[in-house]
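Residue strings, one per chain:
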Amino acid sequence: MRDLGKLQDAELSNRKAIEINPDFADAHSNLGIILRDLGKLKDAELSTRKAIEINRDLAVAYYSLSLLKYSHENKVFQDQLFSKNILNNKLSKDLVDIYFARANFLHNEKKYEDSSKYLQLANNLKLDLNPSNSDTFINKSRTLLIKSDKKEINKKEQINSSESIFIVGMPRSGSTLLESILSMSNDVYDLGEINILEESFLECKNSKQEINLTELYEKKVNNKTELHITTNKWLYNYQYAGIIARNILNAKIIHCFRHPLDNILSIYRAHFAKGNYYSSSLVDSARVYLDQEEIMTQYKNRFRSKIYDLNYDLLVSDPNQEIKSLIAWLGWQWDNKYLSPHLNPRPVSTASNVQVRSPINSKSIGGWKNYKDMLKPAIEILTQVDKYQDITS
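Since this is a predicted model, take the numbers as computed values, not measurements.

Visitor: Account for the overall build of the protein, with residues named and values stated.
Guide: Regarding its fold elements, the protein presents 17 helices and five strands. Projected onto its principal axes, the C-alpha coordinates of the protein cover approximately 65 × 50 × 45 Å. Counting only residues that meet the buried cut, the protein has 54% of its 393 residues in that class. Here the protein contributes 53 positively and 49 negatively charged side chains, and the mean placements of these two sets differ by 0 Å.

Spelled out as structure tokens, the structure:
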């Protein structure tokens, strides 16, 4: 149910499982994850702590606890997390959870050098389990760039076409915050991270009949909502930006980006549940970052009027100015509620599901400086590009 985005049903199922077996640690842990997605952070902590009380070796629960802002109160659980015994007889995937949890606790205590050590242990293990897929990403970008030069895909006028806003860029670039801002409007439905654009494109490409890409995409959207303005936060749609601009009627693209080293650090710390396998390699994260930047630069040169630049660093430093500029570009009427996205009650299942519940702030800007030594492999890649030669100055 959680994977389907049906969080209330997922919560109910877990509560029923706990009712049947109150000592079912996994159910308490899963309930904590769902409550975190729903923004019920204190309740999430209580459920996660209960899971650990039942099973002191439940690695995933320690990781979940390390993400919560209240976790500094959990000294007893930290002692267990950093004990030698917890590493005994663990599967590799459980060791990954433990190492990421340790890294997060140490990060919160500003012990960045120790945090770096566990981040590297965790990500190296992840790479053993799931090798990096950076080459696949980069090759796909190049292929779709060429395809975007081809003729429009069965595009025809549709007067009543809905407004489709595509949020694109790297993971951990401010996209969840942006979606929370835009969905403060009652006229907007946030589709979240849903890959229906690529599904529609491939169906058009493989169909023997003439299919209109806009109609097919809107049909999939209409299965989700009756609202006429939607946001699609499948970030890797940056690879399809040219195809979107040429073929999807009433489409607008917002490109989220931030300081490369802050972005790469955040990706390296994220411990994505699935996909994004390149994220465990600092070198490959830098390569993918540079690829998406280059690809988006080319698309912006061709489709400038349809693509908006959203600089996360500027957004969190001066939200009043940046959000007003964005809303004006969209052609929407201004409302002060756009400045308070932390009040948005929508469920959030991304890696930003805790941060997005706090008021907009600039705390994460410059965080890479605390991990400068660890980031050297990424810095070496970035400084090969002229614009980033002095990135650490």
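Moving on from the model shown.
Visitor: Tell me about the environment of Gly 169, residues and numbers included.
Guide: Position of Gly 169 among the secondary structure elements: in strand β1 (residues 163-169). Separated by 40 residues in sequence, Gly 169 and Leu 129 have C-alpha atoms that sit 26 Å apart. Among residues more than four places away in sequence, those in contact with Gly 169 are Leu 235, Tyr 238, His 255, Cys 256 and Gln 292.

Visitor: Got a sec to walk through the sheet that holds strand β4 (residues 251-257)? Specific residues and values, please.
Guide: Pairing within the open sheet is parallel, and its five strands lie in the order β2-β3-β1-β4-β5. Whereas interior strands pair on both sides, the edge strands pair on one side only; in this sheet they are β2 (188-192) and β5 (307-311). On average, each strand axis in the sheet is inclined to that of its neighbour by 20°, with strand direction left out of account.

Visitor: Talk me through unusual backbone geometry; I want residue IDs and the actual numbers.
Guide: The phi dihedral of Arg 172 is positive, around 65°, even though this residue is not glycine. Here Arg 172 lies in the loop between β1 and α9 (175-182). With a relative accessible area of 15%, Arg 172 lands in the buried category. Positive phi values are uncommon outside glycine, yet Asn 276 reaches one of about 50°. Here Asn 276 is to be found in the loop between α13 (260-270) and α14 (282-302). For Asn 276, a relative accessible area of 15% translates into the label buried.

Visitor: Pulling in residues and values, what's your account of helix α3 (residues 41-54)?
Guide: For α3, which comprises 14 residues, the first-to-last C-alpha distance of 20 Å matches the rise-based estimate of 20 Å (1.5 Å per residue) to within 8%. Every buried residue belonging to α3 is among Leu 41, Ala 44, Glu 45, Ser 47, Thr 48, Ala 51 and Ile 52, and all of these are buried. Along the axis of α3, the buried positions cluster into a sector of 165°, meaning they face one direction only. Across from the buried face of α3, at angles greater than 90 degrees, the exposed residues are Lys 42 and Leu 46. Residues of α3 that are buried in the fold lie against α2 (25-37), α4 (59-67) and α5 (75-81).

Visitor: Before we move on, could you go through the pattern of salt bridges and cite the residues and values that matter?
Guide: As enumerated under the stated definition, the model contains 19 salt bridges in all. Between Asp 57 and Lys 90 there is a salt bridge, with its nearest N and O atoms 3.7 Å apart. One end of the pair, Asp 57, is in the loop between α3 and α4; the other, Lys 90, is in the loop between α5 and α6 (92-108), and 33 residues separate them in sequence. Given the relative accessible area of 40%, Asp 57 is considered partly exposed.

Visitor: I'd like to hear about the nonpolar core, residue by residue, with values.
Guide: Counting residues in each nonpolar core, the largest one holds 88 residues, and the members touching the most others are Phe 166 and Leu 375. For this core, the element with the most residues is α6, which contributes nine residues. Among residues more than four places away in sequence, those in contact with Phe 166 are Leu 197, Tyr 217, Asn 232, Asn 237, Ile 244, Ile 248, Ala 251, Lys 252, Ile 253 and Ile 254. In terms of nonpolar packing, the next biggest core, distinct from the first, is built from 24 residues, Leu 177, Cys 256, Ile 323 and Ile 327 among them.

Visitor: Break down the pairing of β1 for me, with residues and values.
Guide: Most of β1 sits out of view: seven of its seven residues are buried. Examined bridge by bridge, β1 and strand β3 (residues 229-232) share four bridges and lie parallel to one another. Residue Glu 163 lies in a different strand from β3, and its bridge partner there is Ile 229. Two elements, β1 and β4, share six bridges in a ladder whose sense is parallel. What sits directly across from Ile 167, in β4, is Ile 254.

Visitor: Can you break down the packing of aromatic side chains residue by residue, with the values?
Guide: A complete count under the given rule lists 12 aromatic pairs for this structure. Aromatic side chains Phe 82 and Tyr 118 sit 6.3 Å apart centroid to centroid with 75° between the ring planes, which places their arrangement in the edge-to-face category. Of this pair, Phe 82 sits in the loop between α5 and α6 while Tyr 118 sits in helix α7 (residues 112-129); the two residues are 36 residues apart in sequence, bridging distant segments of the chain. For Tyr 118, a relative accessible area of 12% puts it in the buried group. Residues Trp 332 and Tyr 338 carry aromatic rings whose centres are separated by 6.3 Å and whose planes lie at 35° to one another, so their mutual orientation is tilted. You'll find Trp 332 and Tyr 338 in the same group, each marked buried. The cationic tip of Lys 252 hangs over the ring face of Trp 329; the distance from NZ or CZ to the ring centre is 5.9 Å.

Parameters at a glance
Residues numbered from 1 in each chain as written. Predicted model: local features only at pLDDT ≥ 70, side-chain atom pairs only at ≥ 80, totals over all residues. Heavy atoms only, no water. Helix = DSSP H or I, 4+ residues; strand = E, 2+ residues; numbered from the N terminus. Buried < 20%, exposed > 50% of the residue type's maximum accessible area, 1.4 Å probe, protein only. Lys, Arg positive; Asp, Glu negative; His and termini not counted. Charge placed at Lys NZ, Arg CZ, Asp CG, Glu CD. Contact = heavy atoms within 4.5 Å. Pairing = 2+ DSSP bridges. Axes fitted to C-alpha atoms, helices over the stretch in contact; angles between N-to-C directions. Expected span 1.5 Å × (residues − 1). Arc of directions from axis to C-beta. Salt bridge = Lys/Arg side-chain N within 4 Å of Asp/Glu carboxyl O. Core = buried A, V, L, I, M, F, W, Y, C linked by side-chain atoms within 4.5 Å. Phe/Tyr/Trp six-rings, centres within 6.5 Å; stacked < 30°, edge-to-face > 60°. Lys NZ or Arg CZ within 6 Å of the ring centre and 35° of its normal.

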